[in-house]
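One letter stands for each residue in the lines below.
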Amino acid sequence: GLVPRAPAMVCKAERRAEPDEIRVRQGDKVRFTVTSVDVAHGFAISEYNIKLDLRPGKTVGAEFTADKKGTFPFFCDVFCGEGHRGMRGQMVVE
């Protein structure tokens, strides 16, 4: 089964991604649930080949096994407005 469930992520163009840090353990099966509340966004973790397209008001998700230790940035990969550069965070796999 799924071990930890990452907190639900919320993307808003005028602010940063929330939460901006997620911690899991190596070997955990992780489920992301991400919602855009305003405009189109993207959600990507390049090192885990995750790329989600977010449409306003819709929730999407991804499941994967955190098989690599380290700190992995996640970010919005769709230009979404003034706050786009701040739409990032990190996943720490311990």
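Keep in mind it's a predicted model, so treat the numbers as computed, not measured.

**Looking at the packing of aromatic side chains**
For the structure on display, the rule yields five aromatic pairs. Judged by centre distance (5.3 Å) and plane angle (55 degrees), the rings of phenylalanine 32 and phenylalanine 43 are tilted. With a gap of eleven residues between them, phenylalanine 32 in strand 3 (residues 29–36) and phenylalanine 43 in strand 4 (residues 41–45) connect regions that are remote in the sequence. The pair formed by phenylalanine 32 and phenylalanine 43 is uniform in burial state, with each residue classed as buried. A centroid spacing of 5.0 Å and a plane angle of 45 degrees characterise the contact between tyrosine 48 and phenylalanine 64, whose relative ring orientation is tilted.

**A look at unusual backbone geometry**
Glycine aside, a negative phi is what most residues show, and trans is what most peptide bonds show. Of note in the backbone geometry, asparagine 49 takes a positive phi value of approximately 55 degrees without being a glycine. Relative to the assigned elements, asparagine 49 resides in the loop between strand 4 and strand 5 (50–54). By relative accessible area, which is 74% here, asparagine 49 ends up exposed.

**A look at the pattern of salt bridges**
Inspection of every chain in the model, using the stated rule, returns six salt bridges. With a closest N to O distance of 3.4 Å, lysine 51 and aspartate 53 form a salt bridge. A relative accessible area of 45% places aspartate 53 in the partly exposed class. In this structure, the salt-bridge partner of aspartate 77 is lysine 51, at a minimum N-O distance of 3.1 Å. Note that aspartate 77 is positioned in the loop between strand 7 (70–75) and strand 8 (88–93) and lysine 51 in strand 5, a separation of 26 residues in sequence. For aspartate 77, a relative accessible area of 29% translates into the label partly exposed. A single salt-bridge network, built from bridges that share partners, covers Glu21, Arg23 and Glu94.

Here is what the cut-offs are and how they apply
- Residues numbered from 1 in each chain as written.
- Predicted model: local features only at pLDDT ≥ 70, side-chain atom pairs only at ≥ 80, totals over all residues.
- Heavy atoms only, no water.
- Phe/Tyr/Trp six-rings, centres within 6.5 Å; stacked < 30°, edge-to-face > 60°.
- Helix = DSSP H or I, 4+ residues; strand = E, 2+ residues; numbered from the N terminus.
- Buried < 20%, exposed > 50% of the residue type's maximum accessible area, 1.4 Å probe, protein only.
- Salt bridge = Lys/Arg side-chain N within 4 Å of Asp/Glu carboxyl O.

Without other data, these values stay purely geometric and don't point to any function.
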